[in-house]
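Notes for the structure review
So you can see what is in the structure, the chains are spelled out below.
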Amino acid sequence: MKELSQIVLPKDISYTQNHEWLRQEGDEAVVGVSDYAQDQLGEIVFAELPAAGDAFGQGQAFGTLESVKAVSEIYMPVAGEITAINEDLRNDPASINTDPYGKGWLIRLKPDNSDDQKKLMGRAAYLEMVKGKQ
Amino acid sequence: MNPSVGATGLIFNEPLLWEKGARGRCGFSLPRRDVAAAPLNESLQGEGPDFPDLSELEVTRHFTRLSQWNFGVESGMYPLGSCTMKYNPKTNDRQAALPGMAGIHPLLPIELSQGALQLIYDLERYLAEITGMDAVSVQPAAGSQGELAGMLIFSAYHQSLGRPRTKVLIPDTAHGTNPASAALCGFKAVPVKSNEQGVLSPEVVADLMDEDTAGIMITNPNTLGIFEENIRQVAEIVHARGGLVYGDGANMNAIMGIVNLKAIGVDVMHLNLHKTFSTPHGGGGPGSGPVCVVEKLAPFLPVPRVVKKDETYRLVEDMPQSIGKLHAFYGNFGIQVRAYSYILSLGALLKKVSQFAVLSANYIKARLKGVYHLAYDQPCMHECVFSDKLLEPYKISTLDVAKRLMEMGFHPPTIYFPLVVHGAIMIEPTESESKEDLDHFIDAMIRIAEEAREHPDKLHAAPTVTKVRRLDETGAARNPCLSGR
Amino acid sequence: MMRYLPHTAEDITAMLATVGANSLEDLFAAIPEGCRRKGEMDLPEPLTEWELNRHMEGLARENAVSPEFKIYMGAGSYDHFIPAIVPYLAGRSEVYTAYTPYQPEISQGTLQAIFEYQTLVCRLLGLEVANASMYDGASALAEALLMAIRINRRRRVAVSKAIHPLYRRVVETYFRPTGFEIVEIPYLKNGRTDLSAIAGSGELAAVAVQSPNFFGCIEELNAAEAAIHADPKTLFITAFSEPLAYGLLKSPGSMGADIACGEGQSFGIPRSFGGPGLGMFASRMQYVRNMPGRLIGQTRDVDGKRGYVLTLATREQHIRREKATSNICSNQGLCATMSVMYMASVGGTGIRELAALNRDKAEYLKNAFAQAGFSLPFTAPTFNEFVVKFPAGFDAIYRRLLEKKIVAGLPLAPYYPELSNHYLFCVTETSSREDLDQLVKEVRA
């Protein structure tokens with residue numbers, strides 16, 4: 001497990017209480033899990049993701065991440081429709097561990113409304129929350 | 001100090017079956033052909049499976065070598081918590097292998113299988129007597145199918161009253177099979193937190209129990225090895241709101257002849273013949289999971305039921321409220337024969353079995369307390385749960401302890417279960433192990449705790465003397481290779 | 001003292017002292033009075049090993065078994081020769097007394113054997129992935145149907161009426177609380193499933209047929225595949241109770257089956273009054289994450305040596321709990337091990353010959369019945385088993401034959417009321433031509 005100081009938390013993205021991150025890119029948003037989350041989960045062996053076109057509400061589970069001996073649900077940071085999933089994860093689920101904010105992204109989505117984002121945390125608030133868990 | 005039980009010896013390498021042999025060999029004595037070949041439409045015929053061709057010695061040597069890479073109860077102590085790895089008496093296997101047992105066709109007219117039907121009938125009576133329950137069906141093929149039977153009975157019972165229910169309460173100390181079995185019957189599993197003493201609080205159950213809850217599934221003694229002392233109050237609360245109490249009998253080895261399951265309020269329970277009643281575990285099965293019920297639920301038991309009428313044993317199908325059939329025939333009869341033989345060999349001495357199982361677990365607990373962190377310092381029943389908390393400063397985990405134990409000649413305990421204990425080490429010695437063997441095991445555990453401080457690298461590297469060392473489980477799951485080429 | 005209980009009086013005293021208890025009863029002080037049993041258990045006096053032998057031999061004598069009895073009955077439980085090495089090797093205690101291989105470093109024997117089992121089952125059934133076993137053919141079929149529902153999220157399945165009637169009853173049990181619907185597909189006059197009924201059955205999660213079916217008839221799996229996959233979302237499930245047939249017949253996978261499941265008792269496992277047998281279960285790799293049961297996978301250890309582990313365990317009950325693909329935990333591991341020993345003994349060359357011999361002997365009896373003037377109502381080709389229709393009143397002859405220690409097939413009326421006077425016969429390699437001639441003679445007499 002990483003020490004708190006080793007955890008990478010980019011400033012330009014938002015975080016959820018369930019450890020997903022969201023990055024706005026034009027009309028769409030990209031979603032993944034934080035470095036803290038991947039470290040807690042251990043080596044990811046499989047990501048079960050929805051299909052493009054599926055729609056979920058904010059906080060709804062949209063898939064699961066599996067390590068060898070655990071399964072964790074992943075939740076929508078904001079309500080929206082899935083526009084793409086990271087197909088490369090099928091062959092390379094390890095990229096969620098090695099590059100959680102880059103190659104390890106999970107889904108792209110089209111948010112239903114912009115209000116949802118107000119409930120997300122910035123880096124500082126998220127870091128505080130993580131500190132509280134240790 | 002005693003020399004370790006574990007030692008090194010010659011281990012053979014052995015390839016996969018299809019990496020051996022040569023086309024045209026056969027390890028089977030093909031029966032004489034005394035009839036002509038009959039024609040068959042070409043379009044239905046295939047190539048036949050691509051099995052390797054091996055001689056009889058090649059097959060025998062192959063599986064002999066494979067067996068030498070395994071650890072069984074007869075190799076050494078196997079204190080796997082929750083699994084009751086007791087001695088599997090050889091006489092039981094002899095009885096199951098009698099031609100008049102092993103060769104019976106299941107659909108014979110009943111007058112030709114009276115011995116088998118009598119055995120099932122008597123075994124069901126004995127299991128009722130041992131548990132205190134009223135009626136038993138030995139049909140479920142394993143513990144989890146016994147649980148499924150129990151949940152189907154929950155469902156059918158509430159249905160019969162005209163008010164189906166949707167939820168089942170399941171304590172956090174339950175086996176993983178419990179929620180999965182409940183879900184198969186369409187029930188939503190509602191988790192119940194156990195208290196600081198590691199048992200259920202009646203108040204917590206009272207808060208959760210409502211008219212939409214079919215009942216509760218309780219393992220008693222629970223997976224922490226602690227007797228649920230509030231069980232009767234819990235059962236009263238559940239019964240008062242029309243619910244049923246399910247008892248997971250996986251831990252029956254602690255309480256035979258001591259606890260009456262009906263008296264504590266259990267309505268349905270299953271037993272594991274491959275745990276409590278000494279039948280072999282076979283590298284994963286077959287087991288047998290009889291389901292036991294109180295009188296009012298007897299009409300819901302699986303069919304056919306074996307009944308005795310006019311000195312003849314009969315199969316009765318006509319039970320309109322029955323949950324139906326769970327197995328094509330009568331369950332794992334060969335396992336039932338072994339359990340029956342075990343019960344006849346011990347009779348009321350089964351109480352001694354439980355007393356000694358509990359004594360041995362408490363002895364281990366007393367001697368290892370302080371050496372390992374004891375998660376719940378309560379009197380234990382037939383198993384005790386430690387954790388790796390005291391080893392954390394040396395970066396030694398439960399997994400390391402388990403792997404090092406192998407090198408010393410012991411099968412590791414159950415690890416990382418129950419989930420309520422972080423880094424759990426769950427030890428169930430059973431009544432079969434002598435005091436000397438328990439002492440050897442305890443000494444090995446103490447030595448490992450010392451090594452954790454002095455030679456942590458030795459633990460991280462373990463095991464080094466086994467056929468293979470630690471395996472890449474992540475790679476196995478990322479790129480599954482589930483059959484050979 | 002009892003031979004399974006090692007503690008002496010001195011041991012007990014010493015251990016109680018360490019624990020800090022005065023007596024064995026003290027250890028149970030936490031159990032409230034109201035929970036306790038009153039009085040001792042009322043069980044028979046313990047038997048010595050020698051008394052037990054006599055008692056069990058007495059019970060065994062009350063059961064009819066071959067070769068004393070000639071039993072021409074299959075219906076999901078088959079009499080095949082079992083080589084001596086199978087019980088001998090399976091009885092080796094390292095295999096026999098181990099449990100689930102949770103600690104792979106000291107379980108490589110079980111793990112490699114089951115990996116080999118999975119592989120040979122895949123080759124037998126023509127599919128890509130087989131699990132480490134289910135309880136029996138019946139529960140394997142129930143789990144296959146539930147798996148199809150998980151995959152395409154439809155709520156209705158269709159099941160051929162020519163599937164073993166007891167398997168169908170187990171399916172009904174598993175389905176009862178789920179709200180999913182089972183549609184029955186009738187069989188034709190020739191004994192095969194009426195595939196034309198599939199199209200009108202609505203949106204189906206899966207269609208299951210058995211081949212050879214309960215009547216012994218070999219189904220036309222290619223035609224079934226076409227009819228079922230006319231709706232590409234519907235899964236094609238094939239069941240079986242006699243895997244030996246695939247020594248001769250085209251495999252289900254090669255005919256387009258998505259899941260093949262059935263009973264493997266024929267492969268080296270005694271009948272034992274119907275259990276323990278072996279639920280075989282195989283499917284395609286694309287569906288692996290929806291499969292029930294344990295899977296063994298190949299991997300490497302830290303030194304790069306080949307080894308085996310339990311894998312994809314996140315599907316299972318101990319991890320995914322209420323969302324698991326099944327609640328199965330203990331399976332039929334030892335029976336799977338016996339069957340791989342059997343498959344290795346018989347081999348690829350042997351299984352073809354053995355399967356052909358089985359069919360040829362069954363055909364011999366079938367022809368002999370036909371020549372004797374009895375009716376063979378189903379005209380589809382069969383394997384090992386076939387149905388004979390006798391004149392009304394045959395049950396008296398059936399009973400007379402029982403007294404002569406001959407079981408002349410299985411009466412079908414209890415399972416198919418429309419098939420009164422129909423009997424299902426089974427012949428395997430264990431019957432000699434003389435036995436078969438004798439049977440026909442007795443039936444005619």
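Keep in mind that what you see is a predicted model, and the values were worked out from it rather than measured.

This paragraph deals with the packing of helix H2 (residues 90–97) of chain B against helix H9 (residues 333–346) of chain B. Two packed helices can be described by the angle between their axes and the distance between those axes. All names here are of chain B. It is the contact of H2 with H9, at a shortest axis distance of 8 Å, that shows an interaxial angle of 135°. The orientation of H2 relative to H9 falls into the category oblique. In this structure, H2 meets H9 at a crossing whose hand is right-handed. Together, Asn92, Asp93, Gln95 and Ala96 of H2 and Gly334, Val337, Arg338, Ser341 and Tyr342 of H9 make up the contact between the two elements. Among the residues making up the contact of H2 with H9, the classes are represented as three nonpolar, four polar and two charged.

Residues and elements named next belong to chain B. Here four strands make up an open sheet; going across it, the order is E10-E11-E13-E12 and the pairing antiparallel. Two strands bound the open sheet, and with one partner strand each, they are strand E10 (373–374) and strand E12 (414–415). Here E10 pairs with strand E11 (residues 384–387) via two bridges, running antiparallel. Considered in E11, the bridge of Leu374 is made with Phe386.

In this section: the environment of Pro179 of chain B. Mapping Pro179 of chain B onto the fold places it in helix H6 (residues 177–184). In this structure the C-alpha to C-alpha distance between Pro179 of chain B and Glu147 of chain B, which are 32 residues apart in sequence, comes to 9.8 Å. Those residues in contact with Pro179 of chain B that sit more than four places away from it in its chain are Ile170 and Ala189 of chain B together with Arg321 and Glu322 of chain C.

Residues and elements named next belong to chain B. Entries for chain B in the domain assignment read domain 1 (92–348) and domain 2 (350–471). Look at where the C-alpha atoms of domain 1 and domain 2 centre, and you get two points 30 Å apart. Between domain 1 and domain 2, the residue contacts involve 30 residues of the former and 21 residues of the latter. At the boundary of domain 1 with domain 2, total buried surface from both sides reaches about 2000 Å², with 63% on carbon and sulfur atoms. Across the domain 1-domain 2 interface, the total number found is zero salt bridges. Sorting elements by how many residues they give to the side of domain 1 that touches domain 2 places H9 first, with three residues. Per-class residue counts for the side of domain 1 that touches domain 2 are 16 nonpolar, twelve polar and two charged.

Parameters at a glance
Residues numbered from 1 in each chain as written. Chains lettered and ligands numbered in written order. Predicted model: local features only at pLDDT ≥ 70, side-chain atom pairs only at ≥ 80, totals over all residues. Heavy atoms only, no water. Axes fitted to C-alpha atoms, helices over the stretch in contact; angles between N-to-C directions. Helix = DSSP H or I, 4+ residues; strand = E, 2+ residues; numbered from the N terminus. Parallel < 35°, antiparallel > 145°, perpendicular 65-115°, else oblique. Left-handed = near helix turned anticlockwise from the far one by under 90°. Contact = heavy atoms within 4.5 Å. Nonpolar A, V, L, I, M, F, W, Y, C, P; charged D, E, K, R; others polar. Pairing = 2+ DSSP bridges. Domains from an automatic or database assignment. Buried area = accessible area lost by both parts, 1.4 Å probe. Salt bridge = Lys/Arg side-chain N within 4 Å of Asp/Glu carboxyl O.

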